[in-house]
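Here are the chains, one letter per residue:
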Amino acid sequence: MTDRVIYATIPGLDVRLLSSVTTDLVAEACARHHTTPAASAALGRTLTGTGLLAMTQKEHERTTVQFVCDGPIGGIVAVADARGDVRGYVRNPTANAEPVLGKLNVAGVVGRGTMHVGRELGAEIGQGREPYNGIVEITSGEIGLDFAYYLTVSEQIPSGVSLGVFVHIATNRVLAAGGFIIQLMPGTSRDVEEDLTARVAAAPHATEMILQGASPLEMLETALGHLEIEVLDERDLQFACNCSRERFLDKLASLPRADLEEMVADGTGEVLTCHVCTQSYTVTIDDLRALLPDERVH
Ligand code: ZN
């Protein structure tokens, strides 16, 4: 099944429902970064949550989520845009923590710190600005609860969040990933809130449903006890980085001339690797020479 995200509501109720299956994109991110199972769970949950948040944004906007934390993972970054492109990485992919009750110890690899959420407009992209519009303490480290805390406290929309990654430990492969967010918009009555909260609390875990082949809509139907759900928007999701050879050459071109001359004199060329997606780009001596300004004048 293709990775997909939906934006939905329940007719007559002031609720916003977001749901996604992200197995392929999380598996690709984890394979590229060679993450341990616990790091895969932390990265995968963050990628999934970020992809869900981006679903409420318009074209040319993007969402960045960062966990700045003191656990062995050292930090998590995820970026998602309205086209459904999602990418991200962790500072230490080999991070590990003792399992708790046989479960991956995500809070143990994340530790304490802060969660930053930036919602960036298209016009600001590429201008080097980092417009964070929300910072909250990491209260749980399990990621899903941290997204819920952020949405409830910083964006002031009471939200229930379920994010999951199922890793087959023996092969270290991601077999299922996804999750959903249920948001109570202003105007939701106390009765509706209590009813939905109880339904979600009794629902099977997201990865359990995905392993059985559930779509994003079917996950919501199961979690909410088959209430009538109206899908307002949906799109595919994929792991996609915005790096390119040209972008790396542009960065090199902005280096001081002395540094470029040193690279040319070194005589070996350069291999540059994107830390977000691990893609490598080879830059030859001729490429470097072409970047030296005076070579182009006369
Ligand atoms: Zn990249």
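Our subject is the structure listed above.
Conventions adopted
- Residues numbered from 1 in each chain as written.
- Predicted model: local features only at pLDDT ≥ 70, side-chain atom pairs only at ≥ 80, totals over all residues.
- Heavy atoms only, no water.
- Pairing = 2+ DSSP bridges.
- Helix = DSSP H or I, 4+ residues; strand = E, 2+ residues; numbered from the N terminus.
- Axes fitted to C-alpha atoms, helices over the stretch in contact; angles between N-to-C directions.
- Contact = heavy atoms within 4.5 Å.
- Buried < 20%, exposed > 50% of the residue type's maximum accessible area, 1.4 Å probe, protein only.
- Salt bridge = Lys/Arg side-chain N within 4 Å of Asp/Glu carboxyl O.

Draft legend 1. Broad picture of the sheet that holds strand β10 (residues 230-236). Taken in spatial order, the five strands line up as β8-β9-β2-β1-β10 in an open sheet, and their pairing is antiparallel. Each end of this open sheet is capped by a strand with a single partner; those strands are β8 (159-168) and β10. Neighbour-to-neighbour, the strand axes of the sheet open up by a mean angle of 10°, direction not taken into account. With six bridges connecting them, strand β1 (residues 4-9) and β10 associate as antiparallel partners. Looking at the pairing, Ala 8 lines up with Val 231 of β10. Against the sheet, helix α1 (residues 23-33) engages β2 (15-21), β8 and β9 (173-184), with an angle of about 125° to β9.

Draft legend 2. View of the environment of Phe 180. Assignment of secondary structure puts Phe 180 in strand β9. Judged by its relative accessible area of 2%, Phe 180 falls in the buried class. The spatial distance from the C-alpha of Phe 180 to the C-alpha of Leu 163 is 6.6 Å, given a sequence separation of 17 residues. Apart from the residues within four sequence positions on either side, Phe 180 is in contact with Leu 18, Ser 19, Leu 52, Gly 160, Val 161, Ser 162, Val 200, Ala 206, Met 209, Met 219, Leu 220 and Ala 223.

Draft legend 3. Quick look at the pattern of salt bridges. One pass over the full model with this rule turns up 15 salt bridges. A salt bridge links Glu 155 to Arg 119; the nearest nitrogen and oxygen atoms lie 3.0 Å apart. Taken together, the positions of Glu 155 in the loop between α4 (144-153) and β8 and Arg 119 in strand β6 (residues 113-120) put the pair 36 residues apart, joining distant regions of the chain. Residue class for Arg 119 comes out buried when judged on its relative accessible area of 18%.

Interpretation note: all reported values are geometric properties and have no functional meaning in isolation.
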